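# Geometric and topological summary
Residues per chain, in single letters:
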Amino acid sequence: MANPTMKRYCTAGFLAVLALLAACHNPQAQVPNRANFTAAINDYLTQRGHLCLAKYEWPITVTAADRQARSLDAQQMPVLEALGLVTGHDVGEAREGVVGAATAQPAREYALTTEGQKYYLHVPVVIATATRHVTHPADFCVATLSLDRLIGWEKPQPLDGRTVTSVLFTYNIAPAPWTQTPDARRVFPVVTHAVENAGTQQLRLGVHLTKRGWIVDELSG
């Protein structure tokens, strides 16, 4: 006679396998419709919807040449220091002189404070071009995007062995409060532009079909 307890365990295990198989192949989620593309964009923005400043590695050194050229770091680091997000100290910068001897030039090195560390997110940042595909492990991120409205999508088509399309949408944005100070708005124009155009600027993301449904390309990289 079969053991009733063992029978229950076998039934539970069989149902778990069926659930796993169903999750791996979901025909309804594979349909190219508004609900499925909305789910794909929401999933992507939940994981990667951060507006970051391409400041991947710290500390950051601003040299005399940077200040003379008014580089982005030369303009932004003093503002971040005044806001308490970074702390700076003067360092000597070794440069080759006319006759090849190293001479000390004034420079300032900036490191994140405890408050600034809150914005240094250890979330992969993918930089893709036609010739390079680079992933940075962390970045200084100052706002979070969420889906405002799904506008539409291209007709799905086969490409390199998978079915692909692109989705067009507008976004909402939640910026860090300090980014709205006058000095921060001045030296971080990308953030200012993103905030001012929330709900109207259209973004596009590539997506492709998997057994579980549609997924933004970047999440499979």
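A quick note: this is a predicted structure, and the numbers were derived from the prediction, not measured. (Residues numbered from 1 in each chain as written. Predicted model: local features only at pLDDT ≥ 70, side-chain atom pairs only at ≥ 80, totals over all residues. Heavy atoms only, no water.)

## A short note on the overall build of the chain
Secondary structure assignment for the chain yields seven helices and 12 strands. Out of the 221 residues belonging to the chain, those deemed buried represent 32%. Look at the contacts in the chain between residues 6 or more apart in sequence, and 63% of them connect residues 24 or more apart. (Helix = DSSP H or I, 4+ residues; strand = E, 2+ residues; numbered from the N terminus. Buried < 20%, exposed > 50% of the residue type's maximum accessible area, 1.4 Å probe, protein only. Contact = heavy atoms within 4.5 Å.)

## Looking at the state of the cysteines
Within the structure shown, the criterion is met by one disulfide. A disulfide bridge connects Cys52 with Cys141, and the sulfur atoms are separated by 2.0 Å. Looking down the S-S bond of the Cys52 and Cys141 bridge, the torsion is 85 degrees, so its handedness is right-handed. In this pair, Cys52 sits in strand β1 (residues 50–52) while Cys141 sits in strand β8 (residues 139–153), placing the two residues 89 residues apart along the sequence. You can call Cys141 buried: its relative accessible area is 6%. (Disulfide = S-S within 2.5 Å.)

## Looking at the confidence of the model for the chain
Summary statistics for the chain give a mean pLDDT of 88 and a share of 83% for residues scoring 70 or more. Low pLDDT (under 50) marks residues 17–23, which in the prediction has one contact with non-local residues, meaning those over four places away or in another chain. (pLDDT = per-residue confidence, 0-100.)

## A short note on the pattern of salt bridges
One pass over the structure, following the stated rule, counts eight salt bridges. Measuring nitrogen to oxygen at the nearest pair gives 2.7 Å for the salt bridge that ties Asp73 to Lys55. In this pair, Asp73 is assigned in helix α4 (residues 72–82) and Lys55 in the loop between β1 and β2 (60–63), connecting sequence segments 18 residues apart. When its relative accessible area of 25% is taken as the criterion, Asp73 is described as partly exposed. Arg204 is paired through a salt bridge with Glu154; the nearest N and O atoms lie 3.6 Å apart. Taken together, the positions of Arg204 in strand β11 (residues 202–210) and Glu154 in the loop between β8 and β9 (157–159) put the pair 50 residues apart, joining distant regions of the chain. (Salt bridge = Lys/Arg side-chain N within 4 Å of Asp/Glu carboxyl O.)

## Structural notes on α4
Of the residues making up α4, those classed as buried are Ala74, Gln76, Met77, Val79 and Leu80. Note on α4: the residue one or two positions beyond its end, Gly84, has a positive phi of about 85 degrees.

## Considering the nonpolar core
Judged by nonpolar contacts, the single largest core of 44 residues is most densely connected at Ile41, Trp58, Leu80, Phe140, Trp178 and Phe188. Among the elements that make up this core, the one with the highest residue count is β8 (six residues). In contact with Ile41, other than residues within four places in its own chain, are Leu147, Leu150, Val167, Phe169, Leu205 and Val216. (Core = buried A, V, L, I, M, F, W, Y, C linked by side-chain atoms within 4.5 Å.)

## Overview of the side chain of Asp139
Relative to the assigned elements, Asp139 resides in strand β8. Of the side chains with opposite charge, Lys55 lies nearest to the buried Asp139, which makes no salt bridge, at 8.0 Å. When sequence neighbours within four positions are dropped, the list of residues in contact with Asp139 reads Cys52, Leu53, Ala54, Lys55, Tyr56, Tyr119, Tyr120, Leu121 and Val125. (Lys, Arg positive; Asp, Glu negative; His and termini not counted.)

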